[in-house]
Number of protein chains: 6
Amino acid sequence: MIPNMVVMFVNGKFCKDPEKVTADDFFITGLNVRKQTSKQLGVRLTLSTVDQVPGLNTNALSIVRIDFAPNGSLNPPHIHPRAAEILTVLEGTLYAGFITGNPDHRIFAKILKPGDALVFPHGLIHFQLNIGNTPAVALAVLNSQNPGVVTIANTIFGATPSVNPDVLSRAFHLDKDLVTKLQKEEWVDPDQLY
Amino acid sequence: MIPNMVVMFVNGKFCKDPEKVTADDFFITGLNVRKQTSKQLGVRLTLSTVDQVPGLNTNALSIVRIDFAPNGSLNPPHIHPRAAEILTVLEGTLYAGFITGNPDHRIFAKILKPGDALVFPHGLIHFQLNIGNTPAVALAVLNSQNPGVVTIANTIFGATPSVNPDVLSRAFHLDKDLVTKLQKEEWVDPDQLY
Amino acid sequence: MIPNMVVMFVNGKFCKDPEKVTADDFFITGLNVRKQTSKQLGVRLTLSTVDQVPGLNTNALSIVRIDFAPNGSLNPPHIHPRAAEILTVLEGTLYAGFITGNPDHRIFAKILKPGDALVFPHGLIHFQLNIGNTPAVALAVLNSQNPGVVTIANTIFGATPSVNPDVLSRAFHLDKDLVTKLQKEEWVDPDQLY
Amino acid sequence: MIPNMVVMFVNGKFCKDPEKVTADDFFITGLNVRKQTSKQLGVRLTLSTVDQVPGLNTNALSIVRIDFAPNGSLNPPHIHPRAAEILTVLEGTLYAGFITGNPDHRIFAKILKPGDALVFPHGLIHFQLNIGNTPAVALAVLNSQNPGVVTIANTIFGATPSVNPDVLSRAFHLDKDLVTKLQKEEWVDPDQLY
Amino acid sequence: MIPNMVVMFVNGKFCKDPEKVTADDFFITGLNVRKQTSKQLGVRLTLSTVDQVPGLNTNALSIVRIDFAPNGSLNPPHIHPRAAEILTVLEGTLYAGFITGNPDHRIFAKILKPGDALVFPHGLIHFQLNIGNTPAVALAVLNSQNPGVVTIANTIFGATPSVNPDVLSRAFHLDKDLVTKLQKEEWVDPDQLY
Amino acid sequence: MIPNMVVMFVNGKFCKDPEKVTADDFFITGLNVRKQTSKQLGVRLTLSTVDQVPGLNTNALSIVRIDFAPNGSLNPPHIHPRAAEILTVLEGTLYAGFITGNPDHRIFAKILKPGDALVFPHGLIHFQLNIGNTPAVALAVLNSQNPGVVTIANTIFGATPSVNPDVLSRAFHLDKDLVTKLQKEEWVDPDQLY
């Protein structure tokens, strides 16, 4: 959003009267606040995209704080359909990586300590695991104001309505009974808390 | 690639002397030829991207023929990191769908018969299952000359070197033993044959 | 259109409430149905763009079925102002080509049989002629949800109001009388039927 | 081209050592010099694109001087496959217009005098005719460093090798004999002189 | 804006009913009319962007006439946040240049006479000074329908409310008293007249 | 850079043999290390762009650590010609803002404490001042792998060769003697140390 443009709808978002835009429309706060992590993954994402920060509209950036509980909490394999990412560790020790597509499926991974960052190329699967016994915190930035998050396992096994179990059994080399059992479980996204 | 431009490298591809470019650089053949499908998934992708068709360079399109064996063959859940897709069924009956990202994980799926097509939005997970007892054939088109294919299960369980099993156990709600067993299996991509 | 975005107007198209979007918004049917061809050109285009398929919005793809009557029916020289194209022959035998711009005006053409395809670079003039004595069918895909079609002769000689005949006489090396005679004729676009 | 970037090939153009770039790489001269017009169309285009001005690389602009002889000289119907245009008249009186695509073929035209300008949307057919009895001059700007020019009649009737005359006869409602006669004529592009 | 599209809001601009669009929506006039220049800088910009010319919407071009009073009038250092530029001199003699960013700050400048033009790369600071004793006129074209103009000194010293004088004192190596004095002056933009 | 693409030159950067790409090509370190600040501005920028991190190529992101000495150190008014930015404060207290272009010159500014962030729209002038009596640290992210930095005062007064002092005197309302004095000073960019 560019304050001195007269706009009404831009990219599907309703824009304020430019005379009423203030610095608060470009402001994000609380990125330093430790968030309670969920039980299932031990992780918590706090997103600032165009939905939270109107001034990001047309500026093609988002920022995300990620809290990790100690000992194995996980931001599980996921993609952003419309963005690349740089993830920077602020606290703790993460094992982070991404995997290239067919036919190589090469993993590019690093142990990241505070001050380390890793680039996740546009649209590739990536993840972070807290391999330390303390909480960890990371800041991730994405080059879209609306990057999307597709947590792979949750999307595939937690879809509504359920994906045909034959699809998942054959794709993942799993018994169909195990697939249907998995489909009945609760899949808590890393940006949700319970 | 635009024939009357003097080019050498464009988008990382070596370009011919424009005077030597011919119609064959823009030509694709064999899209009507039934391909032998692989044993594992019963499916076979034949891609025409900029790697096969130099004339696609700068023209942001690819085309893929997909052969499905009868009775449950599967183009398993996958994404294209850099493209949206329209898939058109030429023969047989497919159950095809895509799943939206967090937080909804809604599945949008249809049974597709010859002459039916489905749009897969940019970067979202999608799949096709042959629910008929005959072979099926589809033509998929993508809006990138280099769309990439990330077959989800193969990429995650077949990565080289292997992903830390703790990541996959926690992400997919699977016993760690099962994860390591899966990681030892062979994961045949739908564009490979064996 | 991305189902889990709250949108109202995107790219000038009114978007549904995302909760009311269904798989039908991403679905195309009838691409296998033989269409009656027009008398004038013997051809018929059936387009699926964002105007017919709301889910194509933001996904930069369209698909077109083209029916050709036997013996010389023609999809006449035309351009897409906002797209490149891949045309695939499903039935019959087409002579298809495109022509590069100034100063070379080189023609790149091929005889296409079922399973053959040709790339038409962004914005260049191209055409297809049915050189067989049977009906022909092609599927064309374009990398825009709103590619536009400019059938050259129809646009130039069938403009409303008419183009100054001096322009066309001098441009096309035609007698002015012939130009004005041509301007009075009916110019049936290949996506119209009569 | 951005002078303080270390570049070698960008967009298929060889880039100088940035330390050797000078203001001359960004400089165009002679836009005020009357050019001899060709006999055939009475017009002459002088282009400044990335081929003449290396500094236009990555800057997505070109500029063209157009000279028109008195009394009916013509920049004939043409398209730019990769650009929109603003044409400004500096001297004389032009009748200029563009035509929309299927199905409307609406002509949008104006008589332009010095200081008047007209926008030609991306990829649409447009032309200018000198309706005055004095020379005319226009400056056209395009939003690509490599816009391309496709002079319609010259491209279609002057293609090398020739387009199948059946295509042109049916498309343009012309006798095949007239088509083959036209195909033997000389088609002088407005950016050539003879 | 493309006349045969049904649009309502595109890029935040309200679009007319396409049936009511006329050639006037694509027309600009008065580019040859000498404009009164302001006292402060001796310069006057007359802009034609999407705000004045609806047909520029989606066509990524603007055009600007710049009038310069004799003897030292100045289009002061400025940037266009969203465009590159070609500036062509129609009358008079300008000294024009641009400066590259950190770390080189190289100036690329030329004396421009009628028929000379200079490219200003996207987002770099540039300026023009009338070094002749006659009026000068230039036409500038930009590759955005909404390029923006940031006149550097006016923006920094004439901001509302004022920038903290410590910022400007330290950045510009100026006494704080001089900064606050400058901040109280009137800063007339080159597109304003008084 | 996408590891499983065969590339040689992309965006003017030489790409490694993809088989030799490693995680280190996507890795950044030292973002937590306090850097010595320069004497002149009391600030220090440490950039990670495509020049330092090859894996950023085609991924349109950069990251910058900014160190501020206590008590009034300044990242002076500057622009990024090819990027928008989000700046996040990690330590200390910054007064940060941006200014809109002509005609409003509105300042949008906030006092930022740890965990606060501000969006700087694409191409607009912005700055940060350490208003605390302790060191401050910020992380800035930009949506280009090659964003460029144009420190305004340094670029204008420290250009090589010098800008005509008449330009700067008139633009900045400064005596010509003061301008030439300023032009002889040393202008240390915030990404340089001395």
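Quick caveat: nothing in here was measured; it's all calculated off a predicted structure. (Residues numbered from 1 in each chain as written. Chains lettered and ligands numbered in written order. Predicted model: local features only at pLDDT ≥ 70, side-chain atom pairs only at ≥ 80, totals over all residues. Heavy atoms only, no water.)

1. Considering the arrangement of the chains
So, point 1. At the level of C-alpha atoms, the two units chain A and chain D stay apart, their nearest approach being 20 Å.
So, point 2. In this assembly chain B lies apart from chain E, the nearest approach of their C-alpha atoms being 20 Å. (Contact = heavy atoms within 4.5 Å.)

2. Quick look at the relation of the copies chain F and chain E
So, point 1. By a simple turn and slide, chain F fits onto chain E: the slide is 0.0 Å along the axis, the RMSD is 0.0 Å, and the turn is 180°. Here the copies are linked by what is in effect a two-fold axis.
So, point 2. In this assembly the copies share their binding face: 98% of the residues contributing to the interface of chain F also contribute to that of chain E. (Least-squares fit on C-alpha atoms with pLDDT ≥ 70 in both.)

3. Focus: the interface of chain F and chain E
So, point 1. Facing 60 residues of chain F, the contacting portion of chain E comprises 59 residues.
So, point 2. Taken together, both faces of the contact between chain F and chain E bury some 4,500 Å²; the carbon and sulfur share is 65%.
So, point 3. The largest per-residue losses of area from chain F upon contact with chain E belong to N102(F), R170(F) and H173(F), which jointly make up 16% of the total buried on that side.
So, point 4. Applying the counting rule to chain F against chain E returns 20 residue pairs in polar contact (both at pLDDT 80 or more).
So, point 5. Of all the secondary structure elements, the ones that give two or more residues to the side of chain F that touches chain E are β6 (74-79), β8 (94-99), β11 (125-130), β13 (150-151), α1 (152-157), α2 (165-172) and α3 (176-184) of chain F. (Buried area = accessible area lost by both parts, 1.4 Å probe. Polar contact = N/O pair within 3.5 Å; in protein donor to acceptor, adjacent residues only side chain to side chain. Helix = DSSP H or I, 4+ residues; strand = E, 2+ residues; numbered from the N terminus.)

4. Section: the interface of chain A and chain B
So, point 1. Listed per partner, the contact involves 59 residues of chain A and 60 residues of chain B.
So, point 2. In total, about 4,500 Å² of surface goes out of reach between chain A and chain B, with carbon and sulfur atoms giving 65% of it.
So, point 3. Of all residues in chain A, N102(A), R170(A) and H173(A) give up the largest surface area on contact with chain B, accounting jointly for 15% of the area buried on that side.
So, point 4. Inspection of the region where chain A meets chain B yields zero salt bridges.
So, point 5. On the surface where chain A and chain B come into contact, there are 20 residue pairs in polar contact (both at pLDDT 80 or more). (Salt bridge = Lys/Arg side-chain N within 4 Å of Asp/Glu carboxyl O.)

5. Details of the nonpolar core
So, point 1. Counting residues in hydrophobic clusters, the biggest one holds 363 residues, and the most contacted among them are F172(A), F172(B), F172(C), F172(D), F172(E) and F172(F).
So, point 2. With residues near it in sequence (within four places) discarded, F172(B) still touches I152(A), A153(A), F157(A), F172(A), L182(A), W187(A), I156(B) and F157(B). (Core = buried A, V, L, I, M, F, W, Y, C linked by side-chain atoms within 4.5 Å. Buried < 20%, exposed > 50% of the residue type's maximum accessible area, 1.4 Å probe, protein only.)

6. What about helix α2 (residues 165-172) of chain C?
Residues and elements named next belong to chain C.
So, point 1. Counting buried positions along α2 yields six of eight residues, so the element is predominantly enclosed.
So, point 2. Within α2, the full set of buried residues consists of P165, V167, L168, S169, A171 and F172.
So, point 3. The positive-phi residue at the C-terminal boundary of α2 is H173, with phi of around 60°.

7. Quick notes on the confidence of the model for chain A
All names here are of chain A.
So, point 1. Residues with a pLDDT of 70 or more make up 91% of chain A, whose mean pLDDT is 92.
So, point 2. Across residues 1-8, where pLDDT falls below 50, the model places 37 contacts with residues more than four positions away in sequence or in other chains.
So, point 3. Among the prediction metrics, the complex's ipTM stands at 0.93, with pTM recorded as 0.95. (pLDDT = per-residue confidence, 0-100.)

8. Things to note about the domain arrangement of chain A
Residue and element names in this part refer to chain A.
So, point 1. Here chain A is partitioned into domain 1 (28-148) and domain 2 (152-189).
So, point 2. Between the C-alpha centres of domain 1 and domain 2 there is a distance of 24 Å.
So, point 3. Residue-level contacts link seven residues of domain 1 with four residues of domain 2.
So, point 4. Between domain 1 and domain 2, the buried area comes to about 420 Å², and carbon and sulfur atoms account for 56% of it.
So, point 5. Looking only at domain 1, the three residues that lose the most surface to domain 2 are Q40, L41 and P77, adding up to 65% of its buried area.
So, point 6. Taken together, the links from domain 1 to domain 2 amount to zero salt bridges.
So, point 7. If you look at where domain 1 meets domain 2, you find three residue pairs in polar contact (both at pLDDT 80 or more).
So, point 8. It is strand β6 (residues 74-79) that provides the largest number of residues to the side of domain 1 that touches domain 2, a total of three residues.
So, point 9. Taken together, the residues of the side of domain 1 that touches domain 2 sort by class into four nonpolar, three polar and no charged. (Domains from an automatic or database assignment. Nonpolar A, V, L, I, M, F, W, Y, C, P; charged D, E, K, R; others polar.)

9. Considering the sheet that holds strand β12 (residues 136-142) of chain F
So, point 1. With respect to topology, six strands assemble into an open sheet ordered β3(A)-β10(F)-β7(F)-β12(F)-β5(F)-β4(F), the strand pairing being antiparallel. Every interior strand has two partners, whereas the edge strands, β3 (27-28) of chain A together with β4 (43-48) of chain F, have only one. (Pairing = 2+ DSSP bridges.)

10. What about the pairing of strand β6 (residues 74-79) of chain C?
Residue and element names in this part refer to chain C.
So, point 1. By the criterion of burial, β6 is predominantly enclosed, with six of the six residues buried.
So, point 2. One ladder, built from three bridges, connects β6 with strand β11 (residues 125-130); its direction is antiparallel. By the bridge assignment, H78 is partnered in β11 with H126.
So, point 3. In this sheet, strand β13 (residues 150-151) lies alongside β6 in antiparallel orientation, the contact comprising two bridges.

11. So, the side chain of D116(D)
So, point 1. By the secondary structure assignment, D116(D) is in the loop between β9 (107-112) and β10 (117-120).
So, point 2. For the buried D116(D), which has no salt bridge, the nearest side chain bearing the opposite charge is K113(D), at an N-O separation of 7.3 Å.
So, point 3. Excluding residues that lie within four positions of it along the chain, D116(D) makes contacts with L87(D), T88(D), V89(D), I111(D), F27(E), I28(E), T29(E) and G30(E). (Lys, Arg positive; Asp, Glu negative; His and termini not counted.)

12. Focus: the UniProt feature "binding site: oxalate" (unreviewed entry) in chain A
Residue and element names in this part refer to chain A.
So, point 1. Residues annotated by UniProt as "binding site: oxalate" (unreviewed entry) correspond here to N75, H80 and E85.
So, point 2. With respect to the helices and strands, the residue N75 is situated in strand β6.
So, point 3. Other than its neighbours up to four places away in sequence, N75 contacts V43, L45, I66, F68, F127, Q128 and P190.
So, point 4. Relative to the helices and strands, H80 resides in the loop between β6 and β7 (85-91).
So, point 5. Of the residues examined, H80 reaches a relative accessible area of 5% and is grouped as buried.
So, point 6. Ignoring any residue separated from it by four or fewer positions in sequence, one finds H80 in contact with E85, G123, H126, L142, P147, G148 and V149. (UniProt positions renumbered as here; feature names shortened; annotations may be inferred.)

13. Topic: the packing of aromatic side chains
So, point 1. One pass over the structure, following the stated rule, counts 51 aromatic pairs over all chains.
So, point 2. Relative to F98(F), the ring of F26(A) lies with its centre 5.0 Å away and its plane at 75°, an arrangement referred to as edge-to-face. With F26(A) in the loop between β2 (13-14) and β3 and F98(F) in strand β8, the pair connects residues from two separate chains.
So, point 3. Assessed through its relative accessible area of 0%, F26(A) is described here as buried.
So, point 4. Arranged with centres 5.4 Å apart and planes meeting at 55°, the rings of F157(E) and F172(E) form a pair that is tilted. You can see F157(E) sitting in helix α1 (residues 152-157) and its partner F172(E) sitting in helix α2 (residues 165-172), a full 15 residues away along the chain. Neither F157(E) nor F172(E) differs from the other in exposure class; each is buried. (Phe/Tyr/Trp six-rings, centres within 6.5 Å; stacked < 30°, edge-to-face > 60°.)

14. Notes on the packing of α2(C) against helix α3 (residues 176-184) of chain C
Residue and element names in this part refer to chain C.
So, point 1. α3 packs onto α2 with a crossing angle of 115° between their chain directions and a minimal axis gap of 9 Å. For the pair α2 and α3, the crossing hand works out as right-handed. Across the interface between the two elements, P165, D166, L168 and S169 of α2 pack against K176, V179, T180 and Q183 of α3. (Axes fitted to C-alpha atoms, helices over the stretch in contact; angles between N-to-C directions. Left-handed = near helix turned anticlockwise from the far one by under 90°.)

15. Let's talk about the UniProt feature "domain: Cupin type-1" (unreviewed entry) in chain A
So, point 1. Feature annotation in UniProt assigns "domain: Cupin type-1" (unreviewed entry) to the following positions: residues 29-180 of chain A.
So, point 2. With 12% helix and 38% strand, residues 29-180 of chain A has its two end C-alpha atoms placed 42 Å apart.

16. Concerning unusual backbone geometry
So, point 1. For the bond from T160(A) to P161(A), the omega torsion is -10°, close enough to zero to count as cis.
So, point 2. Within the fold, P161(A) resides in the loop between α1 (152-157) and α2 (165-172).
So, point 3. We note that N71(C) has phi near 65°; this positive angle belongs to a residue other than glycine.
So, point 4. With respect to the helices and strands, the residue N71(C) is situated in the loop between β5 (62-68) and β6.
So, point 5. A residue is classified by how much of its surface remains accessible, and N71(C), at 53% relative accessible area, is exposed.
So, point 6. Positive phi outside glycine occurs at H173(D), with the angle close to 60°.
So, point 7. For H173(D), the position within the fold is in the loop between α2 (165-172) and α3 (176-184).

17. Considering the sheet that holds β9(D)
So, point 1. Taken in spatial order, the five strands line up as β9-β8-β11-β6-β13 (chain D) in an open sheet, and their pairing is antiparallel. Whereas interior strands pair on both sides, the edge strands pair on one side only; in this sheet they are β9 and β13 (150-151) of chain D.
So, point 2. In this sheet, β9(D) lies alongside strand β8 (residues 94-99) of chain D in antiparallel orientation, the contact comprising six bridges. Residue pairing in the sheet places I99(D) in a bridge with I107(D) of β9(D).
So, point 3. Along the sheet face, α2(C) touches β6 (74-79) and β11 (125-130) of chain D and points at about 80° away from the line of β6(D).

18. Looking at the pattern of salt bridges
So, point 1. Taken as a whole and assessed by the stated rule, the structure comprises 30 salt bridges over all chains.
So, point 2. Note that D166(B) is salt-bridged to K176(B), the shortest N-O span being 2.7 Å. Taken together, the residues span a long stretch of sequence, with D166(B) in helix α2 (residues 165-172) and K176(B) in helix α3 (residues 176-184) at a distance of 10 residues.
So, point 3. Between R34(D) and E91(D) there is a salt bridge, with the nearest N and O atoms lying 2.9 Å from each other. Taken together, the positions of R34(D) in the loop between β3 (27-28) and β4 (43-48) and E91(D) in strand β7 (residues 85-91) put the pair 57 residues apart, joining distant regions of the chain.
So, point 4. The exposure class of R34(D) is partly exposed, given its relative accessible area of 45%.

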